[in-house]
Structures are given as structure tokens and as C-alpha cells.
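Here's the letter readout for the chains.
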Amino acid sequence: MRDHHSPHREPGDGRDGFEKRPGPGRERGGRGPRVFAPGDLKLLLLALIAEQPCHGYDLIRQIESMFDGAYSPSPGVIYPTLTFLEESEMILGDAEGGKKRYSITDAGRLSLSEQAIALDGVRMRIEVSKRSLRGHDRPAEIHEAVHNLRHALQMHHGRWSPEEILRVRDLLNNTAKAIVDGPAVQPASEKAE
């Protein structure tokens with residue numbers, strides 16, 4: 001919830017204290033607990049691509065689905081890992097319409113078969129992480145609303161004017177604060193009826 005990019009923040013501005021409090025289990029600069037052990041994401045992406053050739057965004061969605069929406073990897077994590085796998089000749093990226101579609105190579109299949117036990121470990125850690133991240137199940141309606149929000153933010157494609165940054169920041173922070181504050185309190189006159 002912290003605002004790293006806005007030049008309009010005053011030092012020490014914790015208006016409601018919301019931006020400054022890392023929650024339990026938060027680490028690595030407040031970004032949350034590590035979800036994957038070193039090498040897990042490479043192996044998981046390789047396995048997913050082996051199941052079906054797909055685009056980077058599809059992989060993000062598949063992983064988000066594995067975590068029941070409790071975690072979604074950022075493009076800044078997925079695409080460098082895909083580049084590494086491509087440079088290691090484990091996958092091929094075929095550009096179609098400006099978007100790369102990744103497929104596994106023979107070297108990738110061999111590597112995957114050699115790491116079958118490690119892949120089972122990755123899937124087991126995902127199950128443990130999912131329960132830990134989720135804490136409790138979100139209703140399907142909330143999960144869908146969160147997905148719609150992520151999609152709306154991704155649709156911006158980097159066209160962020162200073163005014164739009166402030167507008168969206170305020171919308172998101174106000175919404176987050178309203179969720180934390182809980183349900184609206186009814187006035188006393190309505191309770192008496």
C-alpha cells in the first residue's frame with residue numbers, strides 16, 4: 001500500500017497510518033513473503049509451457065489460478081525468467097502479433113524429466129504457500145473484483161499522466177482504507193426502527 005513513485009508525498013505523511021505498516025510475514029522491502037524458492041519459478045514455467053505453449057500473460061494467469069487468486073506474479077518476475085529459459089534454449093519464443101508465444105524445446109523436455117521430483121516439491125510448496133497467503137477463502141465475487149482491478153491497471157499500458165497517477169492512487173488507497181475500516185455504521189435513528 002506504500003506509494004513509492006509519487007513525488008507529491010510529504011516525508012512522514014502517514015495520513016491514516018495505512019501506507020507505513022508492513023503486515024505480519026512481510027519482508028523484502030514490504031513486498032510480502034517469498035512465494036518461490038530459488039529455481040522454483042523456472043521449473044514451474046517450464047512445466048506449464050510443456051503442458052501447452054502460451055504467452056507470458058497466460059502464465060501469470062495460470063499461476064494466479066494455482067494460488068486461487070491469493071498471489072499473482074508480476075510481469076517483472078515472469079518475463080526475465082522466460083528470457084533466461086529462452087537464452088538457455090529450454091523454450092522458444094515465437095513472436096506473433098507482437099506477443100511471444102512460448103513452447104518447450106527438446107532440451108527443456110529433458111531438463112523437466114530430470115527434475116520431476118523437484119517439480120513435485122514445487123507443486124507441494126505452492127499448496128502450502130497458497131494456504132498461508134490466503135489465510136481464509138475470499139468469496140468468488142471478491143476474487144473476480146480483484147481480477148477486474150488488476151486487469152484495469154494492466155490495460156493502462158503505461159499511459160500514466162501525473163493527474164491520473166494521483167486519481168488512481170487516491171481511489172485505490174480510499175478503497176483499501178474503507179475495506180480495513182469495515183462495514184459502514186448505521187446511524188442510531190435507523191437502528192431504532
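Residues numbered from 1 in each chain as written. Predicted model: local features only at pLDDT ≥ 70, side-chain atom pairs only at ≥ 80, totals over all residues. Heavy atoms only, no water.

Some thoughts on the nonpolar core
In terms of nonpolar packing, the biggest core is built from 27 residues, with Phe36, Leu45, Ile63 and Leu82 touching the most fellow members. Elements with a contribution of two residues or more to this core: α1 (40–51), α2 (56–66), α3 (75–87), β3 (99–104) and α5 (116–134). Considering every element that reaches this core, the biggest residue donor is α1, with eight residues. Look past the residues within four positions of Leu82 in its chain and what remains in contact with it is Leu45, Ile49, Gly56, Leu59, Ile91 and Tyr102. (Core = buried A, V, L, I, M, F, W, Y, C linked by side-chain atoms within 4.5 Å. Buried < 20%, exposed > 50% of the residue type's maximum accessible area, 1.4 Å probe, protein only. Helix = DSSP H or I, 4+ residues; strand = E, 2+ residues; numbered from the N terminus. Contact = heavy atoms within 4.5 Å.)

Section: the packing of aromatic side chains
Applying the stated criterion to the full structure yields three aromatic pairs. On the basis of an interplanar angle of 70° and a centroid distance of 6.0 Å, the ring pair of Phe36 and Tyr71 is categorised as edge-to-face. Taken together, the positions of Phe36 in the segment before α1 and Tyr71 in the loop between α2 and α3 put the pair 35 residues apart, joining distant regions of the chain. Judged by centre distance (5.1 Å) and plane angle (70°), the ring pair of Phe67 and Tyr71 falls under edge-to-face. Each of the two residues, Phe67 as well as Tyr71, counts as buried. Put simply, the rings of Phe36, Phe67 and Tyr71 touch in pairs and so form one group of aromatic residues. Directly above the ring of Phe84 sits Lys42, whose terminal nitrogen or CZ lies 4.4 Å from the centroid. (Phe/Tyr/Trp six-rings, centres within 6.5 Å; stacked < 30°, edge-to-face > 60°. Lys NZ or Arg CZ within 6 Å of the ring centre and 35° of its normal.)

Structural notes on the packing of α1 against α2
Remark: α1 packs on α2, axes separated minimally by 11 Å, with the N-to-C direction vectors making an angle of 110°. What the angle tells us is that α1 and α2 run roughly perpendicular. When α1 is examined against α2, the residues Leu41, Leu44, Leu45, Leu48 and Ile49 are found in contact with a partner set consisting of Leu59, Gln62, Ile63 and Met66. (Axes fitted to C-alpha atoms, helices over the stretch in contact; angles between N-to-C directions. Parallel < 35°, antiparallel > 145°, perpendicular 65-115°, else oblique.)

Things to note about the environment of Glu89
By the element assignment, Glu89 lies in the loop between α3 and β2 (91–96). Among the residues examined, Glu89 registers a relative accessible area of 59% and is labelled exposed. In sequence terms Glu89 and Ile104 are 15 residues apart; their C-alpha atoms lie 8.8 Å from each other. Leaving out residues up to four positions away in the same chain, Glu89 has contacts with Thr105, Ala107 and Gly108.

A few points about the confidence of the model for the protein
Taken as a whole, the protein shows an average pLDDT of 76; of its residues, 74% reach a score of 70 or greater. For the stretch residues 1–31, pLDDT sits under 50, and the model shows 37 contacts to residues farther than four places along the chain or on other chains. (pLDDT = per-residue confidence, 0-100.)

Looking at unusual backbone geometry
Phi angles above zero are rare outside glycine, and Asp68 is one such case at about 50°. Locating Asp68 in the fold gives a position in the loop between α2 and α3. The backbone of Glu89 shows a phi angle near 60°, a positive value even though the residue is not glycine.

Some points on α1
Helix length check: α1 (12 residues) gives 17 Å between terminal C-alpha atoms against 16 Å at 1.5 Å per residue, within 8%. The buried fraction of α1 is high, at nine of 12 residues. Every buried residue belonging to α1 is among Asp40, Leu41, Leu43, Leu44, Leu45, Leu46, Ala47, Leu48 and Ile49, and all of these are buried. (Expected span 1.5 Å × (residues − 1).)

Overview of the sheet that holds β2
The three strands lie next to each other as β1-β3-β2, forming an open sheet whose pairing is antiparallel. Each having just a single partner strand, β1 (54–55) and β2 make up the two edges of the open sheet. In the sheet, β2 pairs with β3 via six bridges, with the strands oriented antiparallel. Considered in β3, the bridge of Leu92 is made with Ser103. Sheet strands in contact with α3 are β2 and β3, and its direction is about 115° off that of β2. (Pairing = 2+ DSSP bridges.)

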